Amino acid sequence: MEEEDGGGAFEDANGETTMTTPLSAIAEAFEELSRTVGKFNINGCLDDCLRLKPFCDACSLVSVLFGCLGIAFKFAEYEYCSKVRDLVEASKIYGTLNNILDIDVKNDTVKTHGSLSRNLRRVRQGLDLIRALFKNFLSSEYCTLKEAASTAYAEVCAPYHTWAVRTAVSTGMYALPTREQLLLKLNETDESAEKEMRRYIEASLPVIEYIDKLYVRRNISLDW
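Residues numbered from 1 in each chain as written. Predicted model: local features only at pLDDT ≥ 70, side-chain atom pairs only at ≥ 80, totals over all residues. Heavy atoms only, no water.

**Here's the deal with the packing of helix H3 (residues 74–90) against helix H5 (residues 116–137)**
Which entries qualify depends on this criterion: For helices, the axis comes from a line fit to the C-alpha atoms of the stretch in contact; other axes are also lines fit to C-alpha atoms, and the angle between any two N-to-C directions lies between 0 and 180 degrees. Counting from the N terminus, the helices are DSSP H or I runs at least four residues long and the strands are E runs at least two residues long. For classification purposes, an angle smaller than 35 degrees is called roughly parallel, one larger than 145 roughly antiparallel, one from 65 to 115 roughly perpendicular, and anything else oblique. The sense of a crossing depends on the near helix, which, turned anticlockwise from the far helix by less than a right angle, makes the crossing left-handed and, turned clockwise, makes it right-handed. Only heavy atoms matter for contacts: two residues are in contact if any of them lie within 4.5 Å across the pair. Amino acids outside the nonpolar list (Ala, Val, Leu, Ile, Met, Phe, Trp, Tyr, Cys, Pro) and the charged list (Asp, Glu, Lys, Arg) are all regarded as polar, and Gly is one of them.
Between H3 and H5, whose axes approach to 9 Å, the crossing angle comes to 130°. Considered as vectors, H3 and H5 are oriented oblique to each other. The element H3 and its partner H5 pack so that their crossing is left-handed. Side by side, H3 and H5 meet where Ala76, Glu79, Tyr80, Lys83, Val84, Asp86, Leu87 and Ala90 of the first sit next to Leu116, Asn119, Leu120, Arg122, Val123, Gly126, Leu127 and Leu129 of the second. A breakdown of the residues in the contact of H3 with H5 according to their chemical character gives 10 nonpolar, two polar and four charged.

What follows is the structure, encoded as structure tokens:
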């Protein structure tokens, strides 16, 4: 997955040129996934609604965010990106997220290192980490990116990481960019970043919950 730099431009229905940024592209992609999940939930087709390829396409866009956070999230970036790449390859064979869980359940490899079900679980954690980080970033409770990121990591990923990884992440937090530097990297203002982050927060949650339900419906715990 190659990182994007700053976004691009496109013409809207009125012929006006509009800039797209990494954040806006991510928010739009997850809004589409969220609409898909919501539509099929209404129709009662929970298991087969989310196709693997568009899910991977949306998740690939998120990699740029980990890159912008620097060394503190280097482990998360590596783990996330490698797992997404594996799922991209799997999308050439399997149609839906449901399919890859069915295969691993059948082969008793759901929690096996390198299995697609395990990879999906780690990607889901990456999406939730960004969601929690955005939520904290927009909260007046946190004055710095370090505070926002540290709390998000502690809530979402730390319970599943080894002591060595937690220590490395904690040390790397001191090298995080400032809020202003992060906005500059993302080509956003305070106002535009808030808008796009809120879009992602709202749109990603139904997708994350949908993934969790795929495991729960198969009596697979979520504490791993």
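Here the narrative resumes.
**Comments concerning unusual backbone geometry**
Convention followed: We call a residue buried when its accessible area falls under 20% of the maximum for its residue type, exposed when it is over 50%, and partly exposed in between, using a 1.4 Å probe and counting protein chains only.
Despite not being glycine, asparagine 187 has its phi angle at roughly 60°, a positive value. Asparagine 187 sits in the partly exposed class, given a relative accessible area of 42%. Phi angles above zero are rare outside glycine, and asparagine 219 is one such case at about 60°. If you trace the backbone, asparagine 219 turns up in the segment after helix H9 (190–216). Judged by relative accessible area, asparagine 219 falls into the exposed class, the value being 75%.

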